[in-house]
Amino acid sequence: MADVIESSFARWLLDEEEARMQYYQKCQKYYDGLHLIMAPDKYLDMVRHLYGIRINYCDPIIEAPVARLSIEGLSCDDPKTLDSLTKIWKYNRMDAKAIKIHRNAIKKGDAFAQVWPHFPTGSTVPDRYEIKFLTPDIVLPIYESDDSESLTMVRKQWVSFNADGLPMAHKWLFYADRIERYYYLLNRNITSMTIQDYSRLTWLPDETDGFPAVLENPYGFIPIIHFRNKEDDSPFGTSELHNAFSIQDGINKLVVDLMRTADFQAFKQRYVIGVDEEELPINPDTGQRELRSNPGDVWRFPAAGDMDVQVGELESADPSGILASIDKLVDHLSAVTRTPKSTLQDSEGTAASGFAMAKVEAPLLDKVSEKQISFGNSYEDLNKLLIIMQQYHGDLPKGEPPETSLNWKESTSESAQEKLYDAQRKQILKQNSVISAKQWAIEEGYTDDEIAAMQKDIQSESEAETAGIVGPGFSNPTPGSGTM
C-alpha cells in the first residue's frame, strides 16, 4: 500500500511540474506574440498565412514594469563589504543581468540566480565569484511543506553538448551542505527534454569535468536565489500575463473579424441568380458544390423556373462596432493588468503631462513598488550569500554578515519642467528660511555623511574668506583651547 501511495505522489509531482513548465511556455509564447487565434476552422489557414496579424499587448504589459525597475547601486554600512560586493556585481555585469532576471520573473512568474565561487584548475582558492541567471524552465525549488520561505533542495535539469557534439542531460541537486551532480548521454537526435523524459533516465554520477560528482557546500546555504513575482502563499510566483490571456485572445478574434470586414468593404460579396448549378464551385473537403464566402468571389444561384438572370451585391458589415469592441477590451486589459492604457494603446495620439501621468500610472507604480520590495529581498539574500562565501575564503573579515540594500532608480514619470519647478520651489523655501539648509539637502536626497561633509566644506570656505578680509592674525578657536 505504501508503494502505491508513494508512486501516486510521485506521479502527481511530475504532473504538477509538467503543468508549471507548460505555463512558462505559454507565457513566453504570448509575450512573443504567438497567441491563440480564435477563428472558425475554415478561416484558420487564411488567418495564419494571408493575414498573419496579431495585435500583441502582452509585450508592453511586461516591459512597462521592467523599464521602471532599474538598480542604481548597493548600500551597506561596512565600506569594505560594500566595495567588495560592488566589484562582484560589476564583474558579473549585473546592470544587464538584473534586467534579464526582472523580465523573466515578471513574464513567467519566477526567475533564479545561482551564486558560486570560481576555482582555477587544481586550486581550492577562488579567483572570482560568479552570479548566473537561471531560467525557471530548468529549475525546481522544493520548500518545506509548512513554510514556503524555507528551501530544502533545488533541482536543476538541462541539456548541453559534450566535446564530441553529443547531447547530454544534466541533473544537479543543490542542498545546504552539498551539490549532487548526475548526467546521462542522450541519443544523437534528442535536443530537448520534457519533465517525463527526464524522469525516465538512468542517471550516472557526473565527474566529466574532473570534479567529484558530489561537491561540498561549506557555506550552509543553498546557492540558488528565487525571484518570485506577485508574492503569495504559493511557493511559485505568478506571471503578469496571467489575467491577460483570455482578453488577448478576444482582441485577436476581433482583429480577425476586422480584417475580414475590411476585405469585404473593398471587395463586396456579389451574386448572380439564374445560372446552372453545375457552375457552383466544388469544396475540396466535402466534394460538394457549394458557395464560398470570400472577398472577390461571386455567388452563383441556380435559376428558379423562368426567372431572368439577376446580378447584385451584399452590403458589408460596419467595422466601427468591431473597433469599439477592441477598444473596450483594451480598457479591460489595462484594468486587470494595472498597465496604463497609454502604454498599451495611445488612441488619442497625444502625450499626457507628468502631472496627469502620475495619476494614470499610479496602479503601475504601486506594482513596481511591490516588486522592488520582493526582488529587493531576493537580492539581499544573494548579497548575504556572497558575503558568507567571501568570509569563508578569507576575502572578508569573519562575523555576522552586515545588512545590505538596493538603491532603486526613481520610477515616476515626472517631466524635466516639473523637476525644475520643484527644485526652484525648494530653493525659494530655503532662501526665505522656511526650511533649513540641512532640510533642503535631505529633500534633495543627500545622505547624512554627505550633508556633514558639505557643512564642513562650507565652514572651511567661510573661515578662509573671513581670514582673507580680517588678516593673517584671524583664527577660529576651538572650545577650551584658551585662544582668544
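The present account deals with the structure reproduced in this document. Just so it is clear, the structure is predicted and the values come from calculations on it, not from any experiment.

## Overview of the side chain of Q391
Next up, step 1: In this structure, Q391 sits in helix α11 (residues 362-392).
Next up, step 2: Assessed through its relative accessible area of 10%, Q391 is described here as buried.
Next up, step 3: At 3.1 Å, the side chain of Q391 and the backbone oxygen of G399 are in polar contact.
Next up, step 4: Once residues lying within four places of it in the same chain are set aside, the contact partners of Q391 are L396, P397, K398, G399, E400 and P401.

## Description of helix α3 (residues 58-67)
Every α-helix winds through 3.6 residues per turn, so residues three or four apart in the chain are directed the same way.
Next up, step 1: Burial runs high along α3: seven of the ten residues are buried.
Next up, step 2: Looking at α3, one finds that the buried residues are C58, P60, I61, I62, A64, P65 and V66.

## Considerations on the pairing of strand β2 (residues 110-118)
Next up, step 1: Here β2 lies mainly inside the structure; eight of its nine residues are buried.
Next up, step 2: Taken together, the five bridges between β2 and strand β10 (residues 224-228) define a ladder with antiparallel strand orientation. Across the sheet, the residue bridging to A113 is I225, located in β10.
Next up, step 3: Across seven bridges, the pairing between β2 and strand β3 (residues 128-134) is antiparallel. Along β3, the bridge assignment pairs Q114 with K132.

## Some words on the sheet that holds β2
Next up, step 1: A sheet is described by the order of its strands in space; here three strands give the open sequence β3-β2-β10, paired in antiparallel fashion. The open sheet terminates on both sides in strands that have one partner only, identified here as β3 and β10. The sheet shows a mean angle of 20° between the axes of neighbouring strands, taken without regard to direction.

## Details of the nonpolar core
Next up, step 1: F227, Y379 and L386 are the most contacted members of the largest nonpolar core, which totals 69 residues.
Next up, step 2: When near neighbours in sequence (up to four residues on either side) are disregarded, L386 contacts L85, I88, W89, V115, Y129 and I131.
Next up, step 3: By size, the runner-up hydrophobic cluster in this structure holds six residues, among which are L186, M193, Y198 and W203.

## Description of the packing of α3 against helix α5 (residues 94-108)
Next up, step 1: Following both chains from N to C, one finds α3 and α5 inclined at 140°, their axes separated by 9 Å at the closest point. Overall, the two elements α3 and α5 adopt an arrangement that is oblique. Considering only the axes of α3 and α5, their crossing is right-handed. From α3, I62, E63, P65 and V66 reach across to α5, where they touch I99, H102, R103, I106 and K107.
Next up, step 2: Residues that form the contact of α3 with α5 fall into these classes: five nonpolar, one polar and three charged.

Cut-offs and rules
- Residues numbered from 1 in each chain as written.
- Predicted model: local features only at pLDDT ≥ 70, side-chain atom pairs only at ≥ 80, totals over all residues.
- Heavy atoms only, no water.
- Helix = DSSP H or I, 4+ residues; strand = E, 2+ residues; numbered from the N terminus.
- Buried < 20%, exposed > 50% of the residue type's maximum accessible area, 1.4 Å probe, protein only.
- Polar contact = N/O pair within 3.5 Å; in protein donor to acceptor, adjacent residues only side chain to side chain.
- Contact = heavy atoms within 4.5 Å.
- Pairing = 2+ DSSP bridges.
- Axes fitted to C-alpha atoms, helices over the stretch in contact; angles between N-to-C directions.
- Core = buried A, V, L, I, M, F, W, Y, C linked by side-chain atoms within 4.5 Å.
- Parallel < 35°, antiparallel > 145°, perpendicular 65-115°, else oblique.
- Left-handed = near helix turned anticlockwise from the far one by under 90°.
- Nonpolar A, V, L, I, M, F, W, Y, C, P; charged D, E, K, R; others polar.

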